[in-house]
Each structure stands twice: as C-alpha cells, then as structure tokens.
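Survey of secondary and tertiary structure
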Amino acid sequence: MRGFLRWYSQNLKKHQFAMNMVTTGTVFFLGDILSQQVIEKKGKDHELERTVRSISVGSFYIAPFITYLYNFADKVFGTSQTIPNSLKKTGFICLFSPAVSGGYVIINNFLQGKSTSYTIDQLKNDLPTIVLVQWKIWIPSHFILLTVVPLRHRMFLSNFVGVLWTCYLTHASNTGTSHAGTSNTGSSNTGTSNTGTSDIGTSDSG
C-alpha cells in the first residue's frame, strides 16, 4: 500500500490533471456498477453504455473542473489549513455545485442524444434537489479534506466519498429524482428508463 501511495504521489506531482482524471473515472465506474447492480438490481441486464458514459463524464468534465477549483481556491485563500480558512474555501467550492451538477446533466443528456427542451426540463425540476443532496454530502467532506488533507492528496481521498456520491448520481440521472420524466421529444410520461430522467452531477465533486 505504501508503495502504491508513493507511486501515486510522485505521478500526481508530475501529472496532476491526468492522474485525477484516471482516479475519478474509476470512481464513476464503481459508482455506476453499484447503482445498477445494488440499487437497481439489473443483474445481467447491466447497461454497459451507461457505465461508459458515466466514466467519460467523470473523467473529462468532473475531474478537471474540481481539480482546477481546488487549485484556484488555494491560490485565492492560501494553503493554510486553519478552520476559518477551510470554512471559506468550503463555501467557495460549494458555490460551484450547481455548475458541477448542471454540467453533468447537460453532458449526460447530450451523449444520449436528448433534446434541449428535455434537458432544460430536467434542470428546472431536478437540479435544486440534486444540489441539496450534493451539499449534504460534500460540505462536511470538503471541510475535512481542506482542514487536514494536503492539496496533492485531496482528489484521491475525496474519491472514496465520491463512490457513494456517484452511485446516487448515476442512479438519479437514469431514473429521475423529483419529477415525471419526459421523452426525448418532450412529451410527458412517468417512465424512468435509461432514455429519460434527471441527473445529479458531482463528485468529488463538490
């Protein structure tokens, strides 16, 4: 384990964004597996395309966004890990939760070929609930990470919390949260299949 952590730390210093993209992609892989197999109990009907989509959004959108946000917060507020400073940075990072969640909704729907009107409907109906859940999970998590964890290890450790978050994220994005889904053409229905519903956005997100 020590050898792995040493290897991870060395490569993270050299390739911070790339390493975080790999680890976050892994988290989204695990999260969607748990979502489909444990929550939705799909068994052999597991949707591989959905898992690949989750990995893609996590790796190429969530990871770079959150990595940059952590770095920017340290530049603005400094690297002091005092409680007052950590509270400031936690509040700052969580202000961007709607962008993280909303971005996930938009990209996830785009990759499925959903219409613009469908995506707007999801954002209006589900985003407030999604962000509230996101804050409940990530505000205490961010505070702990910012208070006691060095910058180079934050993304790695946040991914442990991220597995649970992405499990909820991928489940909600494919089954809906607070409203009846709409079809890709915008007609009303109550379906919650993989072709329609709400998304939450994340991870370590924050």
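Here's what I pulled together on the structure shown here. (Residues numbered from 1 in each chain as written. Predicted model: local features only at pLDDT ≥ 70, side-chain atom pairs only at ≥ 80, totals over all residues. Heavy atoms only, no water.)

1. Comments concerning the overall build of the chain
Helices and strands together make up the secondary structure of the chain, namely seven helices and zero strands. Counting from the amino terminus, the chain carries its helices and strands in the arrangement α-α-α-α-α-α-α. Burial statistics for the chain: of 206 residues in total, 48% are counted as buried. The contacts of the chain with a sequence gap of at least 6 include a subset with a gap of at least 24, amounting to 75%. (Helix = DSSP H or I, 4+ residues; strand = E, 2+ residues; numbered from the N terminus. Buried < 20%, exposed > 50% of the residue type's maximum accessible area, 1.4 Å probe, protein only. Contact = heavy atoms within 4.5 Å.)

2. What to know about the pattern of salt bridges
Following the criterion strictly, the structure yields five salt bridges and no others. The partner of Arg50 in a salt bridge is Asp32, and the shortest N-O contact between them spans 2.8 Å. Here Arg50 is found in helix H3 (residues 48–77), whereas its partner Asp32 is found in helix H2 (residues 16–39), with 18 residues between them in sequence. Owing to a relative accessible area of 1%, Arg50 belongs among the buried residues under this scheme. With a shortest N-O distance of 2.8 Å, Glu40 and Arg50 are connected by a salt bridge. You can see Glu40 sitting in the loop between H2 and H3 and its partner Arg50 sitting in helix H3, a full 10 residues away along the chain. Exposure class is identical for Glu40 and Arg50. Each is buried. (Salt bridge = Lys/Arg side-chain N within 4 Å of Asp/Glu carboxyl O.)

3. Quick notes on unusual backbone geometry
For Lys41, which is not a glycine, the phi torsion comes out positive at approximately 50°. For Lys41, the position within the fold is in the loop between H2 and H3. For Lys41, a relative accessible area of 65% puts it in the exposed group.

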